[in-house]
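Structural features, examined
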Amino acid sequence: MLISTDCKACAVRSPSFLVVLLGILLGSSYAGAAEPGADQVRFFERHIRPVLMSTCLECHGRNQVERGLRVSSLASLLEGGASGAAIVAGDPDGSLLIQAIRGEHERFQMPPGEPLDQRVVGHFERWVADGAVWPDDLAASDDELSRLKHWADYWAFRPVTAPDVPQVEGASSPIDAFLLQAMREQGLQPADRADRRTLIRRATYGLTGLPPTPEEIAAFLEDESPDAFQRLVDRLLDSLDYGRRWGRHWLDVARYGDTSGDGTDQPIPEAHLYRDYVIDAFNQDMPYDQFLVEQIAGDLLASQEPEDRYDQRVIATGYIALSRRFGNRHGSDHHLTIENTLDTIGEGLLGMTVSCARCHDHRFDPIPTSDYYSLYGYFQSTRYPHAGTEHNRYREHFVPRLPDEQMLEARLAVLEEDHQATLAGLQQAEAEHSRRLDRVRFLLDEVRAHEGPVPMAWAVTDDKDGGRDARIHQAGNPRRQGDRVPRAFLSVVDDTIPDIPAQQSGRLQLARWIASNDNPLTPRVMVNRIWYHHFGRGIVESVNMFGVQGSPPTHPELLDWLATEFIESGWSIKHMHRLIMGSQAYQRTSAAHEANAAHDAENRYYWRFDKRRLEAEAIRDAVLFVSGRLDRRPHTKHPFPEESFKRLTQHNPFNDIYDHNHRTVYLMSPRLNRHPFIELFDGPDPNYPTGQRDVSTVPLQALFLMNSDFIQTNARAFARRLLDAEPEEAARLRQGYQHALGRPPTPQERDQMLAYLAEYEQQYAGSAEGGGRLAAWTSVARILFASNEFIYLD
């Protein structure tokens, strides 16, 4: 029996089992977000506490208490002052504090004088609406803190050491030995190996973000060699689509955006150069330590050796240049831009919430305020580019992508002086030196012959005033400066003061410390990220937070074994993929096991593979790929309006969206007006480093997959592709299932779909654009796109 579910957009008719599917899509929820308190704590420390301390505490603190109100604790705000409670948790409109900072209260406005920026008001509204979480009320347990006789004993700060691999029967790799040992201690049984169709779909999506083709599936099913899966992994790692998939993961952490984020959200046409650098770095398997050093200090490396990838090293510092801008003037609230830099480095590379120490010593982790401003000094000594904004419209401080003549002449003199000494050395050293000499001479000729404007990069350089140590901003207020602190590192890990050449920022010294083999945080954080993207959860579940407020590792010895292996492999990310994907753990089925689930419902011991939804980019790319409309060529520049910096204002900010049929990683990523598809399917916030994306299932997602123009267009293209490929209905249906789901239909699905097609085609026989047959197959294509099996990875 057919049941009609008509929609104005496209008059869908579907059999009854599809109504059930729609009910599942509309009614279910699938949670994969970070722990509920973690994001709220970070939001408070980033957006609320600094404002309270810098703006409110002077009049409502311990020494002065106007109208009986203190803002130094949540209890004080809930108790309130002479006018009653300052906040009502969960009710912004009913909170006096919110009314006062909005300027809506009939008797007073806060702060007196200049009102808060509307963005800041919005932060307070969100904080109160979310329950007014105040981290002092979420302190780490006394047991945890008392266990730590000294912070050096905390697991994240201990040196990385290679643990002994346990001898466990049935383990095919060290990874499996660690996991099986823990599993057996818990009385858990590992699930069986997944079938081959599941494995090729899992691996292909995991490494490229695209589904396998029917031809690739058939070849893998027919390959009975013992190393078939390993060769599949190698083929996928060699694909250019690998860099587009894993480069996107990194762009989340780097808070990549194509606009500035300030009041006008100014377009940055050169930002895509950094995105392309990241994609190329992953495809080339650039050593991760080199990758980090180039992003933090590539300009300094380029000035030392301009003959060696000068252009790419300069572009790499887009990682720093992409820090969000604030306000509506050049340099407005620059301390917040530097805070964004330190957020990105702290959480993204070290797993530490460094910016929580901006206004006061970190409440939970051993990061004093002096450490924050020690790090701040590196970037206070750095010149950031300006994209233009309403009150300072012209672009400034972009960095040339070619070395200048003076730099090359100086480098040539050094190399020529060293050449004579090199001639007496090894033949290999002589050849390398000659190569460098030839390269510098070539570049010098090229620069001298160059006419016209030099191509520029959205990148950073050292400040023209030279390196300088920062002063502590008292209570986070840059107008209240305290003692000067030397540029240094996180003192709990390394309390030495680096030797920084005069007139330099010291970013190169910082970068080399972060990427050092001896840094205990950097390798642990990155191998945990790689693990997270393969399994859907990290060994440390709070992937951006390795401090006390984060989650301890479920398998600490495994984490250290992976970190050691990462370093010893030369920081090779592709090596880590091969290790992880070659494990029994990665290749397990996702099937449930009643006894295991009763003991470990969350699968913290990896006894099975967790099913999870594809990310926004993979969903969009898969729809385009299956329909035959995906353009797999790189996409470079966006069609930004020329000289947009001359016309955009705070009240008329940039808000364009540019769609195309290339991979979704190439979509323009605005900071303030996010792409609707990316936002709907839980894409990253381009303003801050994203370690774990939220995973929601809401009715709008289901409606988009059933009714949107994007789905309708691609479903029609998919239908035409199937109609052109096969003359017979059953064979055509088999092809459709193979392309979309990686398998043939079951007999029941085949019979239902063929009956559905016949009735649909008969009803719409007189319709335009190919008649009822095209309309019927378009409907089938949309049914496949909207199915859970299409958007979930098993």
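Since the model is a prediction, treat every value here as computed from it, not as a measurement.

1. Describing the overall build of the protein
For the protein, the count of helices and strands is 32 helices and ten strands. Out of the 794 residues in the protein, the part that is buried amounts to 56%. Across the protein, contacts joining residues at least 24 apart in sequence account for 70% of those joining residues at least 6 apart. Working note: accessible area of the protein is about 33500 Å², and carbon and sulfur atoms make up 48% of it.

2. Considering unusual backbone geometry
For Trp571, which is not glycine, the phi dihedral falls at a positive 60°. Turning to its location among the elements, Trp571 is positioned in the loop between helix H22 (556-568) and helix H23 (573-581). For Tyr606, which is not glycine, the phi dihedral falls at a positive 60°. Turning to its location among the elements, Tyr606 is positioned in the loop between helix H24 (594-599) and strand S9 (612-613). Since its relative accessible area comes to 3%, Tyr606 is described here as buried.

3. Notes on the side chain of Asp621
When you line up the elements, Asp621 lands in helix H25 (residues 616-627). A distance of 2.7 Å separates polar atoms of two side chains, one belonging to Asp621 and the other to Arg663. Filtering out sequence-adjacent residues up to four positions away, Asp621 remains in contact with Gly209, Leu210, Leu630, His662, Arg663 and Thr664.

4. Re the pattern of salt bridges
If you walk through the whole model with that rule in mind, you get 50 salt bridges. Notably, a salt bridge pairs Glu405 with Arg448, separated by 3.1 Å at the nearest N-O pair. Residue Glu405 is located in helix H18 (residues 405-423), and its partner Arg448 is located in helix H19 (residues 427-449); the two are separated by 43 residues in the primary sequence. With a relative accessible area of 46%, Arg448 lands in the partly exposed category. The salt bridge partner of Arg743 is Glu789, with a shortest N-O separation of 2.6 Å.

5. Notes on the packing of helix H8 (residues 196-208) against helix H10 (residues 228-237)
Relative orientation of the contacting elements H8 and H10 amounts to 25°, with a least axis distance of 10 Å. Between H8 and H10, the angle is such that the two are roughly parallel. Seen along the crossing, H8 lies across H10 with a hand that is right-handed. Taking contact as the criterion, the partners of Arg196, Leu199, Ile200, Ala203, Thr204, Leu207 and Thr208 in H8 are, on H10, Ala228, Phe229, Leu232, Val233, Leu236 and Leu237. For the contact of H8 with H10, the per-class residue count stands at ten nonpolar, two polar and one charged.

6. Quick look at a nonpolar patch on the surface
Taken together, the side chains of Val698, Leu700 and Leu703 make up a nonpolar region of the molecular surface, amounting to roughly 240 Å² of accessible area. Mapped onto the elements, Leu700 comes out in helix H27 (residues 699-707).

7. Some remarks on the nonpolar core
Counting 125 residues, the largest nonpolar core has Trp250, Tyr274, Tyr288, Leu349 and Trp531 as its most contacted members. If one sorts the elements of this core by residue count, helix H13 (residues 288-304) sits on top with nine residues. Discounting chain neighbours no more than four positions away, the residues touching Tyr288 are Trp250, Leu349, Thr522, Met526, Phe566, Trp571 and Ile573. One finds Leu733, Leu774, Trp777 and Leu793 within the second-largest nonpolar core, a separate group that totals 41 residues.

8. Details of the environment of Leu521
Within the fold, Leu521 resides in helix H21 (residues 521-535). Aside from chain neighbours lying at most four places away, what touches Leu521 is Ala156, Phe157, Leu349, Leu350, Met352, Leu490 and Val493.

9. Comments concerning the packing of H21 against H23
Contact geometry of H21 with H23 gives a least axis separation of 11 Å together with a crossing angle of 50°. When the interaxial angle is binned, H21 and H23 end up oblique. For the crossing formed where H21 meets H23, the hand is right-handed. For the pair H21 and H23, the contacting residues are Met526, Val527, Ile530, Trp531, His534 and Phe535 in the first and Ile573, Met576, His577, Ile580 and Met581 in the second. Split by residue class, the contact of H21 with H23 holds nine nonpolar, two polar and no charged.

10. Some points on the packing of aromatic side chains
For the coordinates displayed, the defined rule picks out 42 aromatic pairs. Between Tyr373 and Tyr376, the ring centres sit 5.5 Å apart and the planes meet at 50°, which makes this aromatic pair tilted. Here Tyr376 and Tyr373 lie together in helix H17 (residues 369-380), a separation of three residues that amounts to about one turn. Just as Tyr373 is buried, Tyr376 falls in that class too. Ring pairing ties together the aromatic residues Trp250, Tyr256, Tyr274, Tyr277, Phe282, Tyr288, Phe291, Tyr319, Phe566 and Trp571, which thus form one cluster. Sitting above the plane of the Phe220 ring, Arg196 keeps its charged end 4.8 Å from the centroid. A cation over an aromatic ring shows up here: Arg608 above the ring of Trp607, its NZ or CZ 5.0 Å from the ring centre.

11. Quick word on helix H11 (residues 240-253)
Under the 1.5 Å per step criterion, the end-to-end length of H11 is 21 Å for 14 residues, consistent within 8% with the ideal 20 Å. Along H11, 13 of the 14 residues are buried, which leaves the element largely enclosed by surrounding structure.

12. Thoughts on the side chain of His638
With respect to the helices, strands and loops of the structure, His638 is situated in the loop between H25 and helix H26 (676-680). Relative accessible area serves as the criterion here: at 9%, His638 is assigned to the buried category. Sequence-distant contacts of His638, that is, excluding residues within four places in its chain, are made with Asp258, Arg275, Tyr658, Tyr666, Leu667 and Met668.

13. Here's the deal with the environment of Ala715
Here Ala715 is to be found in helix H28 (residues 709-725). For Ala715, a relative accessible area of 0% translates into the label buried. Here the alpha-carbon distance between Ala715 and Leu624, two residues 91 residues apart in the chain, equals 9.3 Å. The contact partners of Ala715, leaving out residues within four places of it in the chain, are Thr778, Ala781, Arg782 and Phe785.

14. Digging into the environment of Pro190
Structurally, Pro190 can be placed in the loop between helix H7 (174-185) and H8. According to the relative accessible area criterion, Pro190 is partly exposed, its value standing at 32%. Spatially, the C-alpha atom of Pro190 lies 7.9 Å from that of Arg588, the residues being 398 residues apart in sequence. Not counting residues within four places of it along the chain, the set of residues in contact with Pro190 comprises Leu180, Met183, Arg588 and Trp607.

15. A closer look at the state of the cysteines
Under the defined criterion, the tally for this structure stands at zero disulfides. We note that Cys356 lacks a disulfide partner, and the nearest cysteine sulfur, in Cys359, lies 9.6 Å from it.

16. Looking at H22
Taking 1.5 Å as the rise per residue, H22 with 13 residues should run 18 Å; its terminal C-alpha atoms sit 18 Å apart, in good agreement. Directly beyond the C-terminal end of H22, a positive phi value near 80° is found at Gly570.

17. Overview of the confidence of the model for the protein
Residues at a pLDDT of 70 or more form 90% of the protein, whose mean pLDDT is 88. A low-confidence stretch, residues 1-36 (pLDDT under 50), is modelled with 70 contacts involving residues beyond four sequence positions or located in other chains. With pLDDT under 50 throughout, residues 137-149 is counted as low confidence; its partners more than four residues away or in other chains account for 14 contacts.

Scoring rules and cut-offs
Residues numbered from 1 in each chain as written. Predicted model: local features only at pLDDT ≥ 70, side-chain atom pairs only at ≥ 80, totals over all residues. Heavy atoms only, no water. Helix = DSSP H or I, 4+ residues; strand = E, 2+ residues; numbered from the N terminus. Buried < 20%, exposed > 50% of the residue type's maximum accessible area, 1.4 Å probe, protein only. Contact = heavy atoms within 4.5 Å. Areas by Shrake-Rupley, 256 points an atom, 1.4 Å probe, with all protein chains shown as cover. Polar contact = N/O pair within 3.5 Å; in protein donor to acceptor, adjacent residues only side chain to side chain. Salt bridge = Lys/Arg side-chain N within 4 Å of Asp/Glu carboxyl O. Axes fitted to C-alpha atoms, helices over the stretch in contact; angles between N-to-C directions. Parallel < 35°, antiparallel > 145°, perpendicular 65-115°, else oblique. Left-handed = near helix turned anticlockwise from the far one by under 90°. Nonpolar A, V, L, I, M, F, W, Y, C, P; charged D, E, K, R; others polar. Patch = residues over 30% accessible without salt bridge, like charges linked within 9 Å, V, L, I, M, F, W, Y side chains within 5 Å. Core = buried A, V, L, I, M, F, W, Y, C linked by side-chain atoms within 4.5 Å. Phe/Tyr/Trp six-rings, centres within 6.5 Å; stacked < 30°, edge-to-face > 60°. Lys NZ or Arg CZ within 6 Å of the ring centre and 35° of its normal. Expected span 1.5 Å × (residues − 1). Disulfide = S-S within 2.5 Å. pLDDT = per-residue confidence, 0-100.

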